[in-house]
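Here's the letter readout for the chains.
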Amino acid sequence: MTLKMDSTRQRAAGFTLIELLVVLVILGLLAGLVGPRVVKHLGDSKTKAAMLQIEELSSALDLYRLEVGSYPSTDQGLRALVERPPAAERWDGPYLRKSTIRDDPWGHAYNYRSPGDHGAFDLYSLGADNADGGEGEDRDVLGWE
């Protein structure tokens, strides 16, 4: 009698192949429905991070202008926020918390031009594709909008 009970317990302890397949199908459906939405939000968060970084750099550029008297030239670039340019006598930097200029969230350098076409300076990122224009994650993140 004990042998029969042991074999019954062994069969009931595991999952059948059909039960495992049903679970895998359910997980696949969930991943198919939820995955694209998560990826979309990931792209949006990179765009928002780029906007915040542009605002931080713009504030540092304004502080630089208050102390030095003008914005860094295009040739001096954003590097002037962390390293004293030769012509900047009243430079009292660095003007950023960290002594490095971060790239945008997609790994590209921010574009800086002074004087700018849209104000005293133009500061922008070209998005994930690093090209003008684009939609979604490829769209430009502009500091003057």
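First things first, this report covers the structure right here in the doc.

Conventions adopted
Residue numbering note: each chain is counted from 1, following its sequence as written. Selection of residues for local features in this predicted model requires a pLDDT of at least 70, selection of side-chain atom pairs for listing and counting requires 80 or more, and totals for whole chains, interfaces and linings are taken over all residues. Values reported for side chains reflect all heavy atoms of the structure, with hydrogen atoms and water molecules removed beforehand. Should DSSP find at least two bridges between two strands, the strands are taken to pair. In this text, helices come from DSSP runs of H or I with a minimum length of four residues, and strands from runs of E with a minimum of two, each type numbered from the N-terminal end. Patch rule: a residue counts if its relative accessible area is over 30% and it has no salt bridge; like charges are joined within 9 Å, and nonpolar side chains (Val, Leu, Ile, Met, Phe, Trp, Tyr) within 5 Å. In this description, accessible areas are obtained by the Shrake-Rupley approach with a 1.4 Å probe, and a residue is regarded as covered only by the protein chains that are shown. Between Lys or Arg on one side and Asp or Glu on the other, a salt bridge is scored when a side-chain nitrogen of the former is within 4 Å of a carboxyl oxygen of the latter. In this scheme, a residue with accessible area under 20% of its type's maximum is buried, one over 50% is exposed, and one in between is partly exposed, where area comes from a 1.4 Å probe on protein chains only. Each polar contact in these results corresponds to two N or O atoms within 3.5 Å; when the atoms are within protein, one needs to be able to donate a hydrogen and the other to accept it, and residues that are neighboring in sequence are counted only if both atoms are side-chain atoms. Pairing of aromatic side chains requires ring centres within 6.5 Å, counting the rings of Phe and Tyr and the six-membered ring of Trp. Pairs whose planes differ by under 30 degrees are stacked, by over 60 edge-to-face, and all others tilted.

Our next topic: the sheet that holds strand 2 (residues 122-125). Read from one edge of the open sheet, 3 strands run 1-2-3, paired in antiparallel fashion. Edge positions in the sheet fall to strand 1 (111-113) and strand 3 (141-142), since each of these pairs with one other strand and no more. Two strands pair when backbone bridges link them, and strand 2 and strand 3 are joined in this way by 2 bridges, in the antiparallel orientation. Its bridge partner lying in strand 3, Ser125 is registered against Val141.

Turning to unusual backbone geometry, a few remarks are in order. Excluding glycine, most residues fall at negative phi; most peptide bonds, likewise, are trans. Cis peptide bonds are those with omega within 30 degrees of zero, and the linkage from Gly93 to Pro94 qualifies with 5°. Within the secondary structure, Pro94 is located in the loop between helix 2 (17-68) and strand 1. Looking along the chain, the bond that leaves Ser114 and enters Pro115 is cis, with omega of 0°. With a phi close to 55°, Asn130 is a non-glycine residue in the positive phi region. As for its placement among the helices and strands, Asn130 is situated in the loop between strand 2 and strand 3.

Glancing now at a nonpolar patch on the surface. Taken together, the side chains of Leu17, Ile18, Leu21, Val22, Val23, Leu24, Ile26, Leu27, Leu30, Leu33 and Val34 define a hydrophobic patch exposed on the protein surface, amounting to about 1100 Å² of accessible area. By the secondary structure assignment, Val34 is in helix 2.

Here strand 2 shows no split at all, with Asp122 and Tyr124 on one side and Leu123 and Ser125 on the other all buried. By the bridge criterion, 3 bridges tie strand 1 to strand 2 in an arrangement that is antiparallel. Pairing of Arg113 across the sheet is with Asp122, part of strand 2.

Structurally, Ser125 can be placed in strand 2. Reaching out from Ser125, the side chain makes a polar contact with the backbone nitrogen of Gly127 at a distance of 3.2 Å.

With that settled, consider the packing of aromatic side chains. Tallying each qualifying case throughout the model produces 5 aromatic pairs. With centroids separated by 5.6 Å and ring planes inclined at 75°, the aromatic side chains of Tyr64 and Tyr95 adopt a geometry described as edge-to-face. On the criterion of sequence distance, the pair formed by Tyr64 in helix 2 and Tyr95 in the loop between helix 2 and strand 1 is long-range, its members being 31 residues apart. Both residues of the pair, Tyr64 and Tyr95, count as buried. Members of the aromatic cluster, connected to one another through ring pairs, are Tyr64, Trp91 and Tyr95.

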